[in-house]
Amino acid sequence: MSSLIPKATYSAPDLDESKIFTPGDGIHTTDGQTTQISDIVINAGGEDRDKPTEAKDTPLGHLRAELTTLQDQINIFLTERMKQEKNKQSEQEEADIERRILDDGVDEDDSD
Amino acid sequence: MTVDLDQYVKPGKGHYIALGLEGSANKLGVGVIKHNIGPLSQTNRAEVLSNIRDTYVTPPGEGFLPRDTARHHRNWVVRIIKKALIEANIKGTDIDCICFTQGPGMGAPLQSVVIAARTLAQLWNNIPLVGVNHCIGHIEMGREITGADNPVVLYVSGGNTQVIAYSKQRYRIFGETLDIAIGNCLDRFARTLKIPNEPAPGYNIEQMAKKGKHLINLPYTVKGMDMSMSGILGYIDQLANDMFGKQPKKVIDEVSGEPITPEDLCFSLQEILFSMLVEITERALAHVNSNQVLIVGGVGSNERLQEMMKLMIQDRKNGQIYATDERFCIDNGIMIAHAGLLSYRTGQTNLINDTVCTQRFRTDEVFIKWRDD
């Protein structure tokens, strides 16, 4: 059923054009890479009793599996964006530290 | 004048059926309730058609993280709903309204459950949605199950500690915790002692406390009608770390000269915390001139708390204590269905764009349209 193929669009002020996500071809499952249980639980000796059920071979079942793929793509994309944002912030902070040390906190542009 | 609860009944129907979804913390609950038309009374009680719960359990020493709890709810919600419908012997289209916990609670778990509610409402021909305050769910279900008419409510759970009384269509908060909830205090101490989280950390503390013999000195922090527990937790955690940490230190009971055990610590923590609860509840009873206490919330299933409350209430004229068992005390879907259905019967429903969950949602924000006493 082609009408049940999910699609997601992401736009943000700093992006020139919207990013479109589609599940694409391939094998889709409900066992997403980015929706696993936390390592903290596993490292503490826990087991994963909450795995999702497998997708059924029905239009809704296929939609579930494809949505999981889509969710993985979005999660990876957004995590990457957050990382970039964080890097930008720390670069900015480093520049601030350098400026404070070299200029003793005095911004020449603001001095008048 | 009594409130007309049947203005919105479907033509030709003599009853209402509501589905309730709860997931504000680590329990995922789904319940189906039936109300016959007419006011609820001793002869016209709400009927529990099903009440299924699944709890997200973590290894000893670990709390439940929002992300993994939400994942638990997401991955179980469809299975649990199916089970609840089968047990209630109804179809989705028999339902008058879908009720969900709108808050207070943990953001991510609340979100997972509301998505299920919205999806089902749309799948089943736009069934009305009703957002329910979790605390109101506990109170209304407690009243319905026990038959308590107008009690002072002690609401004690992992996320909430409040003393509540009804006045002029609001459940008003007379006293509450100033920092952490009582269940949170007990659960976190269970983590310090590495007590298992199954079936529940509080239950395991209760069992250990039964074997405790020595009462150790802990801070007692009632402040007016409110109480504070983080300092007590900090104190007893430090004591436990000293006793069972890397360099264990023996602590001796001053009276008997016997060593203090983990059981003694559990016993002492319970005794002190529960005494504080009894004190503020008794004061609230005096304020509102009531003689009924209803205990709700997960910690309300603690038998020692019930016993201590009973000792206090017995000294009051015609004093009565009401409590429910774990099916209704511990978070469940049926209470959400029940309180949501009362809302629905007075015409209060949520449009889909008004179903956003909120982590902060105080008990006294809700207008209790179904009561006018």
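Only a predicted model underlies this, so the values are computations on that prediction, with no experimental measurement involved. (Residues numbered from 1 in each chain as written. Chains lettered and ligands numbered in written order. Predicted model: local features only at pLDDT ≥ 70, side-chain atom pairs only at ≥ 80, totals over all residues.)

Draft legend 1. Examining the overall build of chain A more closely. When its secondary structure is counted, chain A shows two helices and two strands. Expressed as a percentage of its 112 residues, the buried residues of chain A come to 8%. Contacts spanning at least 24 positions in sequence make up 66% of the contacts within chain A whose residues lie at least 6 apart. (Helix = DSSP H or I, 4+ residues; strand = E, 2+ residues; numbered from the N terminus. Buried ≥ 20, exposed ≤ 12 C-beta atoms within 10 Å, placed from the backbone. Contact = placed C-beta atoms within 7 Å.)

Draft legend 2. Just the overall build of chain B, in detail. Scanning chain B for helices and strands turns up 10 helices and 12 strands. For 373 residues, the compact-globule estimate of 2.2 N^0.38 gives 21 Å, and the C-alpha radius of gyration of chain B, at 21 Å, lies within 12% of that figure. Seen along its three principal axes, the alpha-carbon backbone of chain B occupies a region of about 75 × 50 × 30 Å. Pairs at least 24 apart in sequence give 78% of the contacts found in chain B among residues at least 6 apart. (Rg over C-alpha atoms; globule rule 2.2 N^0.38 Å.)

Draft legend 3. Inspection of the environment of Ile334 of chain B at higher detail. All names here are of chain B. Take Ile334: it is sitting in helix 10 (residues 333-345). With 29 C-beta atoms counted inside 10 Å, the residue Ile334 sits in the buried group. Spatially, the C-alpha atoms of Ile334 and Lys250 are 48 Å apart, while their sequence positions differ by 84 residues. Apart from the residues within four sequence positions on either side, Ile334 is in contact with Gly20, Gly31, Ile33, Val48, Asn51 and Met141.

Draft legend 4. Quick peek at the interface of chain A and chain B. With 11 residues of chain A at the interface, the matching set in chain B holds 12 residues. Classifying every residue of the side of chain A that touches chain B gives five nonpolar, four polar and two charged. (Nonpolar A, V, L, I, M, F, W, Y, C, P; charged D, E, K, R; others polar.)

Draft legend 5. View of helix 3 (residues 134-146) of chain B. Residues and elements named next belong to chain B. Along its 13 residues, helix 3 runs 18 Å from first to last C-alpha, staying within 8% of the 18 Å computed at 1.5 Å per residue. Among the 13 residues that make up helix 3, 12 are buried, leaving the element largely enclosed by the rest of the structure. Listing the buried residues of helix 3 in full gives His134, Cys135, Ile136, Gly137, His138, Ile139, Glu140, Met141, Gly142, Arg143, Glu144 and Ile145. Positioned one or two residues after helix 3, Gly147 has a phi angle of 80°, which is positive. (Expected span 1.5 Å × (residues − 1).)

Draft legend 6. Representation of the sheet that holds strand 2 (residues 27-36) of chain B in the model. Residues and elements named next belong to chain B. Taken in spatial order, the five strands make up an open sheet running 3-2-1-4-5, and their pairing is mixed. Sheet topology places strand 3 (47-55) and strand 5 (129-133) at the edges, where each strand pairs with a single neighbour. Sheet twist, expressed as the average angle between the axes of neighbouring strands with direction ignored, equals 20°. Of the strand pairs in this sheet, strand 4 (residues 97-103) and strand 5 are connected by five bridges, and their pairing is parallel. By the bridge assignment, Phe100 is partnered in strand 5 with Gly131. Those strands touched by helix 2 (residues 107-123) are strand 1 (15-22), strand 4 and strand 5, and its axis lies near 160° from that of strand 4. Helix 3 rests against strand 4 and strand 5 of the sheet, and its axis sits at about 85° to strand 5. (Pairing = 2+ DSSP bridges. Axes fitted to C-alpha atoms, helices over the stretch in contact; angles between N-to-C directions.)

Draft legend 7. Local environment of the nonpolar core. Residue and element names in this part refer to chain B. Counting residues in hydrophobic clusters, the biggest one holds 107 residues, and the most contacted among them are Ala18, Ile98, Cys99, Phe100, Ala117 and Val293. Counting residues per element, this core draws most heavily on helix 7 (residues 262-288), which supplies 11 residues. For this core, the domains that each give at least three residues are domain 1 (15-141 + 329-365) and domain 2 (147-326). (Core = buried A, V, L, I, M, F, W, Y, C linked by C-beta atoms within 7 Å. Domains from an automatic or database assignment.)

Draft legend 8. Just the domain arrangement of chain B, in detail. All names here are of chain B. Split by domain assignment, chain B resolves into domain 1 (15-141 + 329-365) and domain 2 (147-326). Relative placement of domain 1 and domain 2: their C-alpha centres are 27 Å apart. Listed by partner, the interface residues are 18 residues for domain 1 and 27 residues for domain 2. Of the residues belonging to the side of domain 1 that touches domain 2, the class tally is nine nonpolar, seven polar and two charged.

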